[in-house]
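Next come the chains, spelled out residue by residue.
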Amino acid sequence: MARRGGGGGVGDGAGSEKEMLIMKLRINEILFEKHKVCESGPMEALSSIWQFSGFPLTVFHPSSGEICAFKIHGQELPFEAVVLNKTSGEGRLRAKSPIDCELQKEYTFIIQAYDCGAGPHETAWKKSHKAVVHIQVKDVNEFAPTFKEPAYKAVVTEGKIYDSILQVEAVDEDCSPQYSQICNYEIVTTDVPFAIDRNGNIRNTEKLSYDKQHQYEILVTAYDCGQKPAAQDTLVQVDVKPVCKPGWQDWTKRIEYQPGSGSMPLFPSIHLETCDGAVSSLQIVAELQTNYIGKGCDRETYSEKSLQKLCGASSGIIDLLPSPSGATNWTAGLLVDSSEMIFKFDGRQGAKIPDGIVPKNLTDQFTITMWMKHGPSPGMRAEKETILCNSDKTEMNRHHYALYVHNCRLVFLLRKDFDQADTFRPAEFHWKLDQICDKEWHYYVINVEFPVVTLYMDGATYEPYLVTNDWPIHPSHIAMQLTVGACWQGGEVTKPRFAQFFHGSLASLTIRPGKMESQKVISCLQACKEGLDINSLESLGQGIKYHFNPSQSILVMEGDDIGNINRALQKVSYINSRQFPTAGVRRLKVSSKVQCFGEDVCISIPEVDAYVMVLQAIEPRITLRGTDHFWRPAAQFESARGVTLFPDIKIVSTFAKTKAPGDVKTTDPKSEVLEEMLHNLDFCDILVIGGDLDPRQECLELNHSELHQRHLDATNSTAGYSIYGVGSMSRYEQVLHHIRYRNWCPASLEARRFRIKCSELNGRYTSNEFNLEVSILHEDRVSDKEHVNHLIVQPPFLQSVHHPESRSSIQRSSVVPSIATVVIIISVCMLVFVVAMGVYRVRIAHQHFIQETEAAKESEMDWDDSALTITVNPMEKHEGPGHGEDETEGEEEEEAEEEMSSSSGSDDSEEEEEEEGMGRGRHGQNGARQAQLEWDDSTLPY
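A short tour of the structure in this document, coming up. This structure is a prediction, so every number in the text was calculated from the model and none was measured.

Moving on, we get to the overall build of the protein chain. Within the protein chain, the secondary structure is distributed over 15 helices and 57 strands. Out of the 942 residues in the protein chain, the part that is buried amounts to 41%. For the protein chain, restricting intrachain contacts to residue pairs at least 6 apart in sequence, the fraction spanning at least 24 positions comes to 70%.

Quick look at the structure:
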């Protein structure tokens, strides 16, 4: 607009310019309101927000019409306005610090424009009308989504499809809806049966199975609407819970038992899950199944005689099924399981008991015991199966007494003779029991106190359900035959044969004439060494009732509190008291019966089916040690006490223990060390080698008091001596120390040889065979050289000095003083005197020489003469005229010495090596001196 002269014109012009400026600013205000500003990050350079132009003022002052400044009204605003062109009024609004949308999304403030003023100091400046500026901050996708929880966990039940298992949630700190909202979730883990929706709800796409997988772990991420993923994925853990099934939880199927562990808990953490059922009472039956171990369970495998002795049974038992041996050979042809001495009968064999083993008259009191395993007999009508039968050997076929099975009934037949009874008397006793044909092992004891017969089976008493009477047997002189496994049919047939064969297994079949067995002994004989037990009975909860069967293989517990029942079952344990138990599996079953309030039976609890694995025990190595060859004069064999055979025998048992790989004592990682162990023995047999004893002139003897005070027994025969009974190794040692051999006609005998072998568990573990040779010295072998013979005899007597003190009295008592002893003493005295004089003269003669060579000897090896022994033959003579007889005597002495050295070839290996070394030294130095006899005084005490 042109400026014109005149005051009035100026005033009008000024007014119109102001009006126009205000209008322009109003338009610019509208522009301000529509402007949006992008946020700037930290440390970002200031940038232009908006450019605007003012309207120039037309004034007469030189500085009028220019815009010099813009002023923003407000406190701590992050903006400033600067003038770009004063003439055109163009300016710029810019940020003077970073803009953060998350802190403030919008700004509203007032701005005014100022001209350059009038006058020399530019104080008369003018300002425009106030304009309102509204700024919106535009968001940048600065932040990534984050999950509210670092991990999520859920539990689901198997077999169900869920609409939503759980919901995950992520957030974004951006300010705008575009970047602050979560638009999508995604499962990162592949091949999992789960899906997730846009809201974060996780569901399963198929039914889950607890047996297939107990737990799933999946990773989930989130995206905002700008498709920026989460900074860190979240972990989702889904546990699959099985469908609630009542039953026992937290138990182990395989339970290992180390021999010697004592009582070991079977289910230390077991508990019952009832699925929230209201239980009023609970009954538990725990059963240990051991019917396939040995004879029904793990029992001691000693011989029947040893078991009877161990259980305190009276003497007189006769074992009808002993281990096959030379004296008991009637069981040699039977099928046998040697580890347990179980005889198996297949219906085609039987055994004849030799005459004299069992007396003909059993009297009115006797006992029959046995282990039997029997099943049902094939066929519609089964025949009799004979266990034990005493029948006529020839001519007739009468059964005097018999024990047999018929149609799963046990029958005992006892026919009296007319000379014992002449009236109608009970003859057959019948028992009908399910156990007879259940194919399991059972222990049977038949106590006879005629006319009463009682059966004990597994310790329980059973009376016969049927008793039939019969007339006594007519007297005759026909011999009888006792058999096992079948009955002997000697008459009424063309050829005598066995009949009525037994099908099954038998063990420990014994008969005891004249005595009945007590209930205590019967219980001991059939007792199992393994079973169930309860640790700390006093700690059982209140209201718990329990009951064991006699063999402790079944335990019944009852209670009305689930917690107390759980704690009680956790205390149930397995125990095996054998030092060397039978290794293998023992099955274990636990059945339960639950009752609920108002109902008889509410829920069904599955059985617990587990097993105990008994590990193999360490096998012992039994070793017999002692003197294996010695000499005694004939007079000692003829004495009343005879000769003690095993005065120093030792019984040692060891087991091999592998050294640790880090043991510095050995470089071999598989090297073993032997450690001593203690256990019992059940027999030691002393056998005569080279022919049986002649009872007319020789025998083995042992005082019975030595046996009785150590609770052992023995049998003596021409074949040897057998000591049996369960006892410690030290007891057997003490008894063997007292075994004596006598021979009252030893003139024609040079030596006797014996062999000892000991056993544990009826031959399961056996010792080495210890051989002993006893030589007999005859004084009249060289009658005209009696002093020479006495000299040869001397070493065995000197050897006895080294025996331990506990046996020295026995050895000294066995030496019979004689003229030879006097001669020997005199010879020894003369020998000592001659040696002393010789040594004295030698020392005087060489004293000067020793002094001169003393310095030279110091540089050589020192000779320790503290234990110097000089060996001199007292019968040695210097060669010279008139000494031919002495030379002849020397030759005879050497021959005697060679004879003695050849007879001592069975000594211990250490003694042999020592003697060979000494012999090589002597013969190497004096190979031509064959006529000298050496006297070994190394064992003489000075």
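Counting across every chain of the model gives 20 salt bridges. Notably, a salt bridge pairs Arg752 with Glu698, separated by 2.6 Å at the nearest N-O pair. Of this pair, Arg752 sits in strand 55 (residues 751–760) while Glu698 sits in strand 51 (residues 698–701), placing them 54 residues apart in sequence. The exposure class assigned to Arg752 is buried, which follows from its relative accessible area of 9%. For Glu698, a relative accessible area of 5% corresponds to the buried category.

Judged by nonpolar contacts, the single largest core of 56 residues is most densely connected at Leu645, Phe646, Ile651, Leu700, Ile723, Ile739 and Ile756. A domain-level breakdown of this core finds at least three residues from each of domain 4 (304–526) and domain 5 (621–658 + 673–777). When residues no more than four places from it in sequence are discounted, the contact partners of Leu645 are Phe630, Leu700, Ile739, Tyr741, Phe754, Leu772 and Val774. Counting residues in hydrophobic clusters, the runner-up holds 42 residues, among them Phe343, Leu388, Phe412 and Val448.

To continue, consider the side chain of Asn743. Note that Asn743 resides in strand 54 (residues 740–743). Polar contacts involving the side chain of Asn743 include one to the main-chain amide nitrogen of Cys745, which spans 3.0 Å. Residues within four places of Asn743 in sequence aside, it is in contact with Phe637, Glu638, Gln697, Glu698 and Leu749.

Here helix 8 (residues 729–736) has its buried residues at Met729, Tyr732, Glu733, Val735 and Leu736. Projection of helix 8 onto a plane perpendicular to its axis shows the buried side chains occupying an angular sector of 165 degrees, all on one side.

On to the state of the cysteines, then. Joining two cysteines, a disulfide is a covalent bond between their sulfur atoms. This model, assessed by the stated rule, comprises eight disulfides. With its sulfur 1.9 Å from that of its partner, Cys684 forms a disulfide with Cys758. Between Cys684 and Cys758 the disulfide shows an S-S torsion of about 110 degrees. By sign, it is right-handed. Residue Cys684 is located in strand 50 (residues 680–689), and its partner Cys758 is located in strand 55; the two are separated by 74 residues in the primary sequence. Assigned by exposure class, Cys684 and Cys758 land together as buried.

Relative to the assigned elements, Gln526 resides in the loop between helix 4 (519–525) and strand 39 (530–534). In this structure Gln526 comes out as buried when scored by relative accessible area, which is 9%. Not counting residues within four places of it along the chain, the set of residues in contact with Gln526 comprises Arg299, Trp371, Tyr443, Asp458 and Gly459.

Right, let's talk about the packing of aromatic side chains for a bit. With the rule as written, the count across this model stands at 15 aromatic pairs. With 4.8 Å between their ring centres and 45 degrees between their planes, Trp371 and Tyr443 make a pair best called tilted. Of this pair, Trp371 sits in strand 26 (residues 365–373) while Tyr443 sits in strand 31 (residues 441–449), placing them 72 residues apart in sequence. With relative accessibility at 3%, the residue Trp371 sits in the buried group. For Tyr443, a relative accessible area of 1% translates into the label buried. Among the aromatic residues, those joined into a cluster by ring pairs are Phe79, Tyr107 and Phe109. Seen from the ring of Trp488, Lys352 lies directly overhead, with NZ or CZ sitting 3.7 Å from the centre.

On to the sheet that holds strand 28 (residues 399–406), then. Read from one edge to the other, the open sheet built from seven strands follows the order 25-35-27-28-29-30-34, with strand pairing classed as antiparallel. In this open sheet, the two edge strands, each paired with only one partner strand, are strand 25 (351–353) and strand 34 (466–470). In this sheet, neighbouring strand axes are inclined to one another by 20 degrees on average, regardless of whether the strands run parallel or antiparallel. Pairing between strand 27 (residues 385–392) and strand 28: six bridges, direction antiparallel.

Looking down a regular strand, the side chains alternate between one sheet face and the other. Pairing analysis gives three bridges linking strand 23 (residues 335–337) to strand 24 (residues 342–346), with the strands arranged antiparallel. Within strand 24, the position partnered with Asp337 by the bridge is Ile342. Note that strand 24 and strand 38 (residues 503–513) share four bridges and pair antiparallel. Each bridged residue has a counterpart across the sheet, and for Asp346 the counterpart in strand 38 is His503.

The rules behind the values
Residues numbered from 1 in each chain as written. Predicted model: local features only at pLDDT ≥ 70, side-chain atom pairs only at ≥ 80, totals over all residues. Heavy atoms only, no water. Helix = DSSP H or I, 4+ residues; strand = E, 2+ residues; numbered from the N terminus. Buried < 20%, exposed > 50% of the residue type's maximum accessible area, 1.4 Å probe, protein only. Contact = heavy atoms within 4.5 Å. Salt bridge = Lys/Arg side-chain N within 4 Å of Asp/Glu carboxyl O. Core = buried A, V, L, I, M, F, W, Y, C linked by side-chain atoms within 4.5 Å. Domains from an automatic or database assignment. Polar contact = N/O pair within 3.5 Å; in protein donor to acceptor, adjacent residues only side chain to side chain. Arc of directions from axis to C-beta. Disulfide = S-S within 2.5 Å. Phe/Tyr/Trp six-rings, centres within 6.5 Å; stacked < 30°, edge-to-face > 60°. Lys NZ or Arg CZ within 6 Å of the ring centre and 35° of its normal. Pairing = 2+ DSSP bridges. Axes fitted to C-alpha atoms, helices over the stretch in contact; angles between N-to-C directions.

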